Amino acid sequence: MSAQPTSARLIISVTLAGLLAGLLLAATYRVTQPLIEANQQKATETAIFQVLPGTDHFESFWAHDGILEPIENPLSIRADQQVVYLGRDGQNQMTGFAIPAAGPGFQDTIKVLYGFDPNKREIIGFQVLDSRETPGLGDKILKDPAFLGSFKHLAVEPVILLQTKGPPQHNNEVDAISGATISSRAIVNLLNKNLNPLLDLLSQKAQAEGGPHE
Amino acid sequence: MSEKNLQSEFLKGIWQENPVFVAVLGLCPSLAVTNSCINGLAMGAATFFVLVCSSILVSALKSVIPKPVRISMYVLIIATFVTIVDFSLAAWLPDIHKALGAFIALIVVNCLILGRQEAFASKNPVGLSIADAMGMALGFTLALTLIGGIREILGNGSLLGFSLFGPHFEPWVIMVLPPGGFFTLGGLLMVFQYWKDRKQARLRAEQNREPLVKGPMVV
Amino acid sequence: MELLWIFVSACVINNFTLAYFLGLCPFFGVSGRLDTALKMGVANTFVLTITSVCAYLLNTYFLVYVPYLRLISYIFVIASTVQLTEMLIKKMSPVLFKALGIFLPLITTNCAILGLALFQTNREYNFVEGVVFALGAGAGLTLALVIMAGIRRDTELSNVQDLVRGAAMNFFIAGILSMAFMGFAGLFSS
C-alpha cells in the first residue's frame, strides 16, 4: 500500500478528470446538437403542416400583452411563452394559425397543437403532441376517428361543447369518446381556456393580412 | 473458485447473479420503461453501453484513481457516458429518446453500474472487467426485455408491435400501466425463488447422501 | 389552480414511487417500520426541495452556457446538498440528526432526487412551480413509504407462503397500492 495521497494530488486528479469529461462532452454536444435541433424543428413542422392543411411554411410569434411579437430564433422559446404559428401556403396566403396548448388531463398534463382559421372562426385541425393517458381508454384521444373528426370544422363560439350523448348536433360540439369521456372533456376545456384570450388578437392579425382570399 | 476466467465471469451475470432477478438492482428503469418489449431492449442497450465503457475505463485507470475520491470519479465517468448516450439517442433515434424520456439520464443512478465499478472493475484487469460488465449488462438487458415482453403480450396483445392474438383478445390494460410492472417483476421473482429453493433442496439431498456413498473411499 | 395541479399531480396522481418507480430502494429497504419510514420521507422532502432550488439556479445561471454539463452538475449538486444538509442538521438540531442520521447519506443514491431535477427541467418549471413540485413529490414519497410500512408491519406477522415472502410479496403489495393510487386520476379534468 502506498502512502496516503496528498490533498493537492486529489484536487489535481479530480480537476483533470472533470476537464477531460467536459471536453469529451463538449465535443459530443458539438456533433449531436445540430441533429437534435433539426429533429425538433422537423417534429414542429410536421405537426403544423398536419393541423393546417395546405401549409407550405410558417412564421412564429409570441403572443403576450395583446401583441404578436415575431420570434427570430425558435430555439429560444420558453415553456411559459404562448407561441402562435402563422401558416402560409405556396402563394404566401395565410392558411391559419397553429397554436400549442397544455393542460391537466386524466392522468398527466396533455400537450396538443390545434389549427385555427380566424376568418371562419373555426378549429380546422388537431393533434395530441404528448400525453400519458391510460392505454386503451384515454389514449383514444390520439386515434378515435369520430373524436378527431370533430376538429375538422369546429366553431369556437360561443364556446366549444362536449356532446356525450350521440353524434354532435351543432358545429361547436365535439363527439365525446365512450370510455374516455374525462380525457375528451379535458381536451375541450383545454381548447376553450387556451383560445379565448387569443381570439381578438388573432382576428386582428388576420384582418391585417387582408381577410379571406377569393 | 480461485482462478477467475472470462467465461464464468461473463456467464454469472446472465443467470446466477442476474442483476434484476437475483440481486434486485436497477429497479427504477426495469419497471418504468418496460411497458413494451422494444423499450426494455433499448433501455438495456443503453445501459450495456454505459456499463461496459465505464468498466473498461475504471479498470484501466484503477492504479491512477486516488482511493479517497474514487466514488466521485466513478460517478463522473458514468455521468459522462450517460450524457453521450442521451445526446446520441436524441440525435439519431429521436423516437426511442422520446419514449424513454428522462429515464435515460436516470441510468446514472442505476445502482447496478456504480456497484460493478466498486465491486469488480476497480479490482480486476481490463479483460475480466469487460467480461463481467458484458455479462451483467446482458443479464440486465434480457431481464428488461423479458419484463417488457410479458407486459406487452398481456397488456397490449402484441409483441414488438406485431399483434399476436387477433381482434378478439381483450388486453389486460393494467399490465402496461405502473401496477403491471410491480406484478410482473413480483411474479418473476417468485419463479426465481422457486428455482433457487429447488436447487438448494437438491443440493442438500446430495450432501446428505454423500457420506453413504463416499464413506469407504475416504479411509 | 396551476400550482395546485402540480402539487396534487406530483403527490398522488403521478406519485413518484407508485407511478414513476422513482425511489424504490428506500421504499423496499427502509419501509419496515412506521416511524423510520416517516422520518425518511421528511428527510427526502427536505433534500428534494433544496435540490429543486439548486437545479433552478443552475438552469438559469449556469447551464444555459454549458448545457452538456447538466447531468454531471446535477449529480454533484445533489451529493453536496446531502452532505451540507447533514452538517447543517448536525449543528442546528442534534436530536433531529440522531433521528435521521443514517438515512441522510442514503438519499444521495435515491433516483427520486435526480428524477425530480430532470422532470423539472423537462417541464421548464419556474422557481415557485419547482418548489411546489418538490413539496408535492416529497409528500407523495412520504405517503407511499408510510402506507407501505403500515402494510408490511401487518404482513410480517401473517402466515404467508415461503415462496412469496420477501421481495416478491413487497412487489405485489406495491402493485396493489399503485392500483389504488390510479383512482386519483381524473381529479382535475371533470
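Residues numbered from 1 in each chain as written. Chains lettered and ligands numbered in written order. Predicted model: local features only at pLDDT ≥ 70, side-chain atom pairs only at ≥ 80, totals over all residues.

### Considerations on the overall build of chain B
In terms of regular secondary structure, chain B is built from 8 helices and 2 strands. When the helices and strands of chain B are listed from N to C terminus, the series reads α-α-α-α-α-α-α-β-β-α. With the C-alpha coordinates aligned to their principal axes, the bounding extent of chain B is approximately 70 × 55 × 25 Å. Counting over 219 residues, chain B shows a buried share of 47%. Excluding contacts between residues fewer than 6 apart, the proportion of contacts in chain B whose partners are at least 24 apart in sequence is 75%. (Helix = DSSP H or I, 4+ residues; strand = E, 2+ residues; numbered from the N terminus. Buried ≥ 20, exposed ≤ 12 C-beta atoms within 10 Å, placed from the backbone. Contact = placed C-beta atoms within 7 Å.)

### A word on the sheet that holds strand S3 (residues 83-88) of chain A
Residue and element names in this part refer to chain A. Pairing within the open sheet is antiparallel, and its 7 strands lie in the order S2-S1-S3-S4-S5-S6-S7. On the outer flanks of this sheet lie strand S2 (67-70) and strand S7 (154-155), each paired with one strand and no other. Note that strand S4 (residues 94-104) and strand S5 (residues 109-117) share 8 bridges and pair antiparallel. Bridging from a neighbouring strand, Gly103 pairs with Ile110 of S5. Across the face of the sheet, helix H4 (residues 199-209) comes into contact with strand S1 (57-64), S2, S4 and S5 while running at roughly 165 degrees to S4. (Pairing = 2+ DSSP bridges. Axes fitted to C-alpha atoms, helices over the stretch in contact; angles between N-to-C directions.)

### Some thoughts on the interface of chain C and chain B
Every contact between the two is made by 28 residues of chain C and, on the other side, 28 residues of chain B. Elements supplying a minimum of two residues to the side of chain C that touches chain B: helix H2 (16-20), helix H5 (70-92), helix H8 (111-122) and helix H10 (167-182) of chain C. It is H10(C) that provides the largest number of residues to the side of chain C that touches chain B, a total of 9 residues. Residue classes in the side of chain C that touches chain B are distributed as 23 nonpolar, 5 polar and no charged. (Nonpolar A, V, L, I, M, F, W, Y, C, P; charged D, E, K, R; others polar.)

### Let's talk about the interface of chain C and chain A
Contacts between the two partners involve 15 residues from chain C and, on the opposite side, 17 residues from chain A. The greatest single-element share of the side of chain C that touches chain A, amounting to 3 residues, is contributed by helix H1 (residues 2-13) of chain C. Classifying every residue of the side of chain C that touches chain A by side-chain character gives 7 nonpolar, 6 polar and 2 charged.

### Let's talk about the packing of H8(C) against helix H9 (residues 127-157) of chain C
Residue and element names in this part refer to chain C. Running from N to C, H8 and H9 cross one another at 145 degrees; their axes reach a closest spacing of 11 Å. The element H8 and its partner H9 pack so that their crossing is right-handed. Of H9, the residues touching H8 (which contributes Ala112, Leu116 and Gln120) are Gly130, Phe133, Ala134, Ala137 and Leu141. In the contact of H8 with H9, the residues fall into 6 nonpolar, 2 polar and no charged. (Left-handed = near helix turned anticlockwise from the far one by under 90°.)

### Observations regarding the confidence of the model for chain B
Parts of the prediction with low pLDDT should not have their coordinates interpreted in detail. Averaged over all residues, the pLDDT of chain B equals 83, while 94% of them reach at least 70. Here residues 214-219 of chain B is a poorly scored stretch, pLDDT under 50, and it has 0 contacts once near neighbours within four places are set aside; other chains count. (pLDDT = per-residue confidence, 0-100.)

### Considering unusual backbone geometry
Its identity as a non-glycine residue notwithstanding, Asn92(A) has a phi of 70 degrees, on the positive side. Along the chain, Asn92(A) turns up in the loop between S3 and S4. Look at Phe21(C): it is not a glycine, yet its phi comes out positive at around 60 degrees. Inspection of the secondary structure assignment puts Phe21(C) in the loop between H2 and helix H3 (24-29).

### Observations concerning the pairing of strand S6 (residues 122-130) of chain A
Residues and elements named next belong to chain A. Pairing of S5 with S6, which is carried by 7 bridges, proceeds in the antiparallel orientation. Pairing of Phe116 across the sheet is with Ile123, part of S6. The antiparallel pairing of S5 with S6 creates a hairpin that spans 4 residues between the two strands, and Arg121 there sits at a positive phi of about 50 degrees. Bridge count between S6 and S7: 2 bridges; the pairing is antiparallel.

### Describing the pairing of S3(A)
Residues and elements named next belong to chain A. Pairing of S1 with S3 involves 6 bridges; the strand directions are antiparallel. By the bridge assignment for S3, Glu59 is matched with Leu86. Taken together, the 4 bridges between S3 and S4 define a ladder with antiparallel strand orientation. Pairing of Arg88 across the sheet is with Met94, part of S4.

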